[in-house]
Amino acid sequence: MNKLFFFIFCFSSFWSFDSYAQMKNVTNAARSSEELKVTGYMNYAPVGYVEEFYVGKSKKPTYTYRSVFEGIIDELKQKSNIRINYIYALGSSTDKYIADINTGDIDIFLGAYYDTKKFQRTELVFPSILNNPVTIITMPENASKISNLSQLKQLKGAVCNQDEFSDYVKQQMEGYNLESVDTPLQLFEKLYTGEVDFVFVTQYFGIVEASKLGIRDYLSFSKQVVWNMPLFIGISQLSPNRKFLVQKLTSYSENPENKIKIEQKLQEMVRNIELENRGVVPPAFIKKEISDNTTSSLDLSPQEDKISN
């Protein structure tokens, strides 16, 4: 009798374990075909931002989430029959949504950095499909005075807290005399009034924010990249869709044609933002105009002190 009971118990246990494993796989497959929650930066165009617009004669604004990576998500939606739910809020902190990525409440983050603490619970999709270069902005009259990075360490600079840098780049910046400011307006005002000699910015953020203020043509951008930060699509390690997403998005990222499409999308978004802000009246701190209305370029020595990651 005992032997019979033991046999029935073992058989039932194996059946239960096997059934549980099958049910778990079916559940994950079902989740993968239903809805994915996607988020990113809230105020970091063109990588990720909330766009406000008006439909018809409506006086009430409509909001949508925009990202240079949105084409990837659109293709994933079309090919996998998945509903996409962008999670965002105008004026909200990006850190809130990164916290939801870390708990598995959101599946995808657009624009994560490698080896950066706040993305430590995010699985990055390799290869990176886009780079986010860090560059230097100075006033045009000072551009010819700076020829290498070593000279910058003798000067005063600034960075904006709204800009996004990897932990590696933040560590490299510790070797410079930098002041942190809260807004792009404060950043460029300090540069224009001579309170700082240069600013570090990620290239596209710098172009976009200078264009919004109407001062793009009053500044000098360096031709060379100081640090190059790969941007990744990040998958929550706790997402029930993790394996499915990594497989699909890795396949997408490995296609060289898709990399070209994303780079073209990036240039298009930056160009459109520049056009939308053409004619914006510059802030009051600008007291003079550049006669030819063109931008001088800061030209660092191509090999001296050049750093990339």
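Everything quoted here is computed from the prediction, not taken from an experiment.

1. A few points about the packing of aromatic side chains
With the rule as written, the count across this model stands at twelve aromatic pairs. Look at Y44 and F205: their rings are 5.6 Å apart centre to centre, the planes differ by 40 degrees, and that puts the pair in the tilted class. Of this pair, Y44 sits in strand β2 (residues 43-44) while F205 is found in helix α8 (residues 203-212), placing the two residues 161 residues apart along the sequence. An identical accessibility class is assigned to Y44 and F205; each is buried. Site record: aromatic cluster; members linked through ring pairs are Y41, Y44, F109, F119 and F205.

2. Examining the confidence of the model for the chain
For the chain, mean pLDDT is 84; residues scoring 70 or higher make up 82% of the total. A low-confidence stretch, residues 1-33 (pLDDT under 50), is modelled with nine contacts involving residues beyond four sequence positions or located in other chains. Counted against residues more than four places away or in other chains, residues 289-296, with its pLDDT under 50, gives 15 contacts.

3. A look at the packing of helix α2 (residues 70-80) against helix α9 (residues 242-253)
Axis separation between α2 and α9 bottoms out at 11 Å; the angle between their running directions is 115 degrees. In the crossing of α2 with α9, the sense of the turn from one axis to the other is right-handed. Together, I72, E75, L76 and S80 of α2 and F244, L245, K248, L249 and Y252 of α9 make up the contact between the two elements. Taken together, the residues of the contact of α2 with α9 break down into six nonpolar, one polar and two charged.

4. A closer look at the pattern of salt bridges
The tally for this structure, following the rule as stated, stands at 14 salt bridges. For K261, the salt bridge identified is with E75, shortest N-O distance 3.7 Å. Of the two residues, K261 sits in helix α10 (residues 256-276) while E75 sits in helix α2, which places them 186 residues apart along the sequence. When its relative accessible area of 42% is taken as the criterion, K261 is described as partly exposed. Through salt bridges that share partners, E51, R66, E70 and K265 make up one connected network.

5. With respect to the packing of α8 against α10
Packing of α8 against α10 brings their axes to within 9 Å, and their N-to-C directions diverge by 20 degrees. Between α8 and α10, the interaxial angle falls into the category roughly parallel. The handedness of the crossing between α8 and α10 is left-handed. Of the residues in α10, those touching α8 at Y204, I207, V208 and S211 are L266, Q267, V270, I273 and E274. Tallied by class, residues from the contact of α8 with α10 come to six nonpolar, two polar and one charged.

6. A closer look at the pairing of strand β1 (residues 35-40)
Taken together, the four bridges between β1 and strand β5 (residues 83-86) define a ladder with parallel strand orientation. Residue pairing across strands places E35 opposite R83, the latter belonging to β5. Where β1 and strand β6 (residues 108-112) come together, three bridges link them in parallel fashion. In the sheet register, G40 faces β6, and the bridge partner there is L110.

7. Structural notes on helix α3 (residues 94-102)
Turn by turn, an α-helix covers 3.6 residues, leaving residues three or four places apart pointing in a common direction. Residues of α3 that are buried include every one of T94, Y97, I98, I101 and N102, and no others. Along the axis of α3, the buried residues cluster in a sector spanning 150 degrees; they form a single face. Structurally, α3 contributes buried residues whose contacts are with β1, β6, β7 (122-124) and β13 (227-236). Sitting at the head of α3, S93 places a side-chain oxygen 3.2 Å from the backbone nitrogen of D95. Two residues or fewer past α3, G104 is found with a positive phi of approximately 85 degrees.

8. Points about the nonpolar core
Core analysis: the largest hydrophobic core is formed by 82 residues, its most contacted members being F69, I108, F188, F200, L219 and I233. In terms of residues, this core owes the most to one element, β13, which gives six residues.

Parameters at a glance
Residues numbered from 1 in each chain as written. Predicted model: local features only at pLDDT ≥ 70, side-chain atom pairs only at ≥ 80, totals over all residues. Heavy atoms only, no water. Phe/Tyr/Trp six-rings, centres within 6.5 Å; stacked < 30°, edge-to-face > 60°. Helix = DSSP H or I, 4+ residues; strand = E, 2+ residues; numbered from the N terminus. Buried < 20%, exposed > 50% of the residue type's maximum accessible area, 1.4 Å probe, protein only. pLDDT = per-residue confidence, 0-100. Contact = heavy atoms within 4.5 Å. Axes fitted to C-alpha atoms, helices over the stretch in contact; angles between N-to-C directions. Left-handed = near helix turned anticlockwise from the far one by under 90°. Nonpolar A, V, L, I, M, F, W, Y, C, P; charged D, E, K, R; others polar. Salt bridge = Lys/Arg side-chain N within 4 Å of Asp/Glu carboxyl O. Parallel < 35°, antiparallel > 145°, perpendicular 65-115°, else oblique. Pairing = 2+ DSSP bridges. Arc of directions from axis to C-beta. Polar contact = N/O pair within 3.5 Å; in protein donor to acceptor, adjacent residues only side chain to side chain. Core = buried A, V, L, I, M, F, W, Y, C linked by side-chain atoms within 4.5 Å.

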